[in-house]
Amino acid sequence: MEVPKQTQSQNPAQKSRQTRTIAITGGKGGVGKTTVALNLAIALSEQGQKVLLLDGDTDLANVSIMVGAYPQRTLADVVAGRCAMQDIIMTTYGGLDLIPGASGVQSCMEMSEQGGLAVLRALHELENRYDTVIIDTASGLQSVGLHMIAAAELACLVVTPDPASLTDAFSLIKVLKRRGYRRTPAVIVNMAQGASQARSVFQRFNGACQRHLQWSLHYLGGLWRDETLRQSVLDQVPVTVLPASDPSCRQFHSLAEMLNVHVGRLPPRKAGIAAYWYRAAKRATEADAGNGQNSGADKSSRQHCLDLIAQLEKAMISVPDDVMLRYEAFTRLFALLGRSPDADTVEIIQTSLAAMNWDKLPTRDRASLARHLRHLSDELAPSPSDQPPSQAVHHSLEGPLYDRVSFGEQEQLVRALREKPANVSLDDLLRALAGKDRTGS
């Protein structure tokens, strides 16, 4: 099923083009991001590409489990110097090479500039042996996931028709824009009932991004919900190893073809994942040196604030069970945020709430928090006296507002509704009545 060794990747032939890097990401868990990343990687591999899949989900690193493999070593062992990079590569279905990441992904970005140079050089050499590198990122707004997206040439955002998925995906897009991300993300609609629903979901999501963020996304394709795909996860056998005639297998090969076309149109990046991590480590080293040696030097307010947040993050991580420290820190931060509330403050709070992993909260605590938020919502809602004058005038109008010009007299509409055939929808009936009235018939 899998070989915990590097095989076909050890003697690579010269490639005619640069390695393409693709990050498969999502706004929340449960959207099928890892399933998409794995099956898409296998489909590309079976189409003749040399593909490397990097498991970059530091919380739920489970790509290897989905192919029935349980690695004893991960990228974290390479970072710690316990083994070499080639020792952790696993070759699985379709000749796909897999790197189990676990906490090693985060360690790569937190290592010192010189301390991690050997690891990054090994990753750079490995990366250049492949046509495509796919990264299965962490969901949500974690810093590691955002770095993964920034390091990749193309970000593929996996969403579902679930409104919560779209809301969290919108928050991710909004945070990316705030952090200066400029490339156009692609969207994959997963678990759709069919092509029309997938396209409709994308249009709604893209419309919201265009209106509120002035950002147009690219529709890469849709994947349908079916029992074969669900069972494949339980069996730990990807659907892309099924016969090519199987609908579940075929849809991933179609998605891979669309991805090839789209990526082929993108301008090549000047550097890959390892180069990005090296620059990130270098910036972190310079920032630490600046904090230690030039603490009295002048800094911009923004940089000073970011440095303090980084220090707070380290302090919170070092004592994760100190409830009173968390209480004091967040209470004071929110008090500071609330001194001058405005539209930006509202957006910051909304994005922060969406970034929290509420699924890990016990049911009783979730219910208590929901009651509190509903109570807070009632307090925040404007009273009728606070409404603009135009709204007050609108609500003071007496009697129903009925469009006689379009639908004729009310008695005529009631009679038409009673006589409406069962196979005619209400929308069609109203359009027919409006059409009759406009033509004078």
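Residues numbered from 1 in each chain as written. Predicted model: local features only at pLDDT ≥ 70, side-chain atom pairs only at ≥ 80, totals over all residues. Heavy atoms only, no water.

(A) Focus on the overall build of the protein. A count of helical and extended segments in the protein gives 18 helices and 8 strands. A burial count over the protein gives 39% of its 441 residues as buried. Intrachain contacts of the protein at a sequence separation of at least 6 include 77% that bridge at least 24 residues. Per element, the accessible surface of the protein, about 25100 Å² overall, is 54% carbon and sulfur. (Helix = DSSP H or I, 4+ residues; strand = E, 2+ residues; numbered from the N terminus. Buried < 20%, exposed > 50% of the residue type's maximum accessible area, 1.4 Å probe, protein only. Contact = heavy atoms within 4.5 Å. Areas by Shrake-Rupley, 256 points an atom, 1.4 Å probe, with all protein chains shown as cover.)

(B) Quick peek at the sheet that holds strand S7 (residues 186-192). Strand order in this open sheet of 8 strands is S3-S4-S2-S5-S1-S6-S7-S8, and the pairing throughout is mixed. This sheet does not close on itself; its edge strands, each paired only once, are strand S3 (90-91) and strand S8 (218-224). Note: S3 against strand S4 (residues 97-99), 2 bridges, orientation antiparallel. Residue pairing across strands places Met-90 opposite Leu-98, the latter belonging to S4. Relative to strand S1 (residues 20-26), helix H5 (residues 143-151) is tilted by about 145°, and along the sheet it contacts S1, strand S2 (51-56), strand S5 (132-137) and strand S6 (154-159). (Pairing = 2+ DSSP bridges. Axes fitted to C-alpha atoms, helices over the stretch in contact; angles between N-to-C directions.)

(C) Molecular detail of the pattern of salt bridges. Per the counting criterion, the structure on display carries 4 salt bridges. Across the pair Lys-33 and Asp-136 runs a salt bridge whose closest N-O atoms are separated by 2.7 Å. Highlighted residues: Lys-33 in helix H1 (residues 33-46) and Asp-136 in strand S5, separated in sequence by 103 residues. Its relative accessible area of 0% is what places Asp-136 among the buried residues. (Salt bridge = Lys/Arg side-chain N within 4 Å of Asp/Glu carboxyl O.)

(D) Region of the structure containing the side chain of Thr-132. Structurally, Thr-132 can be placed in strand S5. By relative accessible area, Thr-132 is classed as buried at 4%.

(E) Quick look at the nonpolar core. Counting 36 residues, the largest nonpolar core has Ile-24, Leu-38, Leu-53, Ile-134, Cys-156 and Leu-259 as its most contacted members. For this core, the secondary structure elements donating two or more residues are S1, H1, S2, S6, S7, S8 and helix H9 (247-264). Broken down by element, this core gets its largest block of residues, 8 residues, from H1. In this structure Cys-156 touches Ile-22, Ala-23, Ile-24, Thr-25, Ala-186, Ile-188, Leu-220 and Leu-259, once residues within four positions along its chain are discounted. (Core = buried A, V, L, I, M, F, W, Y, C linked by side-chain atoms within 4.5 Å.)

(F) Fine view of a nonpolar patch on the surface. On the surface, a nonpolar cluster with roughly 660 Å² of combined accessible area is contributed by Leu-312, Phe-330, Leu-333, Phe-334, Ile-349, Leu-353, Met-356 and Trp-358. Breaking the nonpolar patch down by element, the ones donating at least two residues are helix H12 (323-337) and helix H13 (343-355). The greatest single-element share of the nonpolar patch, amounting to 3 residues, is contributed by H12. On the secondary structure map, Leu-353 appears in helix H13. By relative accessible area, Leu-353 is classed as partly exposed at 34%. (Patch = residues over 30% accessible without salt bridge, like charges linked within 9 Å, V, L, I, M, F, W, Y side chains within 5 Å.)

These results come straight from atomic positions and should not be treated as a statement about function.
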